[in-house]
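Here is how the chains run, residue by residue.
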Amino acid sequence: MSNPWIAIGALALVGVLIPLGMMSVSALLRPSVPEDSKRAIYESGEVPTGNTRIRFNIQYYMVALLFVVFDIETVLIFPWTVIYGDAVDAVGLGPALLPMVLFIGILGVGLAWAWRNGAVKWVRSPRAQQELTE
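## A closer look at the overall build of the chain
Point 1. Helix and strand counts for the chain come out as 5 helices and 0 strands.
Point 2. Along the chain, helices and strands appear, N-terminal first, in the series α-α-α-α-α.
Point 3. Since a compact globule built from 134 residues should have a radius of gyration of about 14 Å, the 26 Å found for the chain marks it as more spread out than a globular shape.
Point 4. With respect to the principal axes defined by its C-alpha atoms, the chain has extents near 75 × 70 × 20 Å.
Point 5. Expressed as a percentage of the 134 residues in the chain, the buried residues total 7%.

Below is the structure:
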């Protein structure tokens, strides 16, 4: 009797060796013509102006990260809802519902933590703050 992990290991090995082989063959065959114009910053055909190090507001990244977390949450909840009825029939209500309640609870704690630390609170401009106080 053969071990099923051998097939999984072989697939993983092939999945690593093919891209590495393609990159190494590409590195050996490609022409190398170093020029200053190839190393210049390219911005859609426009001549770049200013420094490339621009400071972005961290809140954009926090909102994007929270979006990704809750987007993945919906991807994980949907299959669970599809098999929920069969799971209740097989193991009962408590064991079928407990993992999802725990999962949503952990996400709720994470959202409360992010909210408490100001990750979803936008900074107001001085003018908007002044209009708010009037």
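## A word on the packing of aromatic side chains
Point 1. Taken as a whole, this structure holds 1 aromatic pair when the rule is applied.
Point 2. Ring plane angle 50 degrees and centroid distance 4.9 Å describe the contact between Trp80 and Tyr84, whose orientation is recorded as tilted. Here Tyr84 and Trp80 lie together in helix α3 (residues 58-91), a separation of 4 residues that amounts to about one turn.

## A closer look at helix α1 (residues 4-29)
One turn of the α-helix equals 3.6 residues, which is why residues spaced by three or four share an orientation.
Point 1. In this model α1 runs 38 Å from its N-terminal to its C-terminal C-alpha over 26 residues, within 8% of the 38 Å that 1.5 Å per residue would give.
Point 2. At the N-terminal boundary of α1, the capping side chain belongs to Asn3, with an oxygen 3.1 Å from the backbone nitrogen of Trp5.

## Notes on the packing of α3 against helix α4 (residues 93-116)
Point 1. Closest axis-to-axis distance for the α3/α4 pair is 8 Å, and the angle between their directions is 165 degrees. In this view, α3 runs roughly antiparallel relative to α4, as classed from their interaxial angle. Relative to α4, the crossing made by α3 is left-handed. Along its contact with α3, which presents Leu66, Val69, Phe70, Glu73, Leu76, Ile77, Trp80, Tyr84, Ala87, Val88 and Val91, the element α4 presents Leu93, Pro95, Ala96, Leu97, Met100, Phe103, Ile104, Leu107, Leu111 and Ala114.
Point 2. Broken down by class, the residue content of the contact of α3 with α4 amounts to 20 nonpolar, no polar and 1 charged.

## As for a nonpolar patch on the surface
Point 1. Residues Ile54, Phe56, Ile58 and Tyr61 make up a contiguous nonpolar surface patch of roughly 480 Å² in combined accessible area.
Point 2. Within the secondary structure, Phe56 is located in the loop between α2 (36-39) and α3.
Point 3. Looking at Phe56, the relative accessible area reads 56%, which means it is exposed.

## Quick look at α3
Point 1. The sharpest bend along α3 measures roughly 50 degrees and falls at Tyr84.
Point 2. Where α3 is concerned, the buried positions are Gln59, Leu66, Glu73 and Ile77.
Point 3. Along its buried surface, α3 packs onto α4.
Point 4. Positioned one or two residues after α3, Gly92 has a phi angle of 105 degrees, which is positive.

## Details of the confidence of the model for the chain
Point 1. Per-chain confidence: the chain averages 83 in pLDDT, with 92% of residues scoring 70 or above.
Point 2. Taking the mean pLDDT of every element in the chain, the minimum, 71, falls on helix α5 (residues 126-133) and the maximum, 94, on α1.

## Remarks on the side chain of Glu73
Point 1. Following the sequence through the fold, Glu73 ends up in helix α3.
Point 2. Despite its burial, Glu73 pairs with no opposite charge; the closest candidate is Arg116, at 20 Å N-O.

Conventions used here
- Residues numbered from 1 in each chain as written.
- Predicted model: local features only at pLDDT ≥ 70, side-chain atom pairs only at ≥ 80, totals over all residues.
- Heavy atoms only, no water.
- Helix = DSSP H or I, 4+ residues; strand = E, 2+ residues; numbered from the N terminus.
- Rg over C-alpha atoms; globule rule 2.2 N^0.38 Å.
- Buried < 20%, exposed > 50% of the residue type's maximum accessible area, 1.4 Å probe, protein only.
- Phe/Tyr/Trp six-rings, centres within 6.5 Å; stacked < 30°, edge-to-face > 60°.
- Expected span 1.5 Å × (residues − 1).
- Polar contact = N/O pair within 3.5 Å; in protein donor to acceptor, adjacent residues only side chain to side chain.
- Axes fitted to C-alpha atoms, helices over the stretch in contact; angles between N-to-C directions.
- Parallel < 35°, antiparallel > 145°, perpendicular 65-115°, else oblique.
- Left-handed = near helix turned anticlockwise from the far one by under 90°.
- Contact = heavy atoms within 4.5 Å.
- Nonpolar A, V, L, I, M, F, W, Y, C, P; charged D, E, K, R; others polar.
- Patch = residues over 30% accessible without salt bridge, like charges linked within 9 Å, V, L, I, M, F, W, Y side chains within 5 Å.
- Areas by Shrake-Rupley, 256 points an atom, 1.4 Å probe, with all protein chains shown as cover.
- Salt bridge = Lys/Arg side-chain N within 4 Å of Asp/Glu carboxyl O.
- Bend = angle between axes of the 7 residues up to and from the residue.
- pLDDT = per-residue confidence, 0-100.
- Lys, Arg positive; Asp, Glu negative; His and termini not counted.

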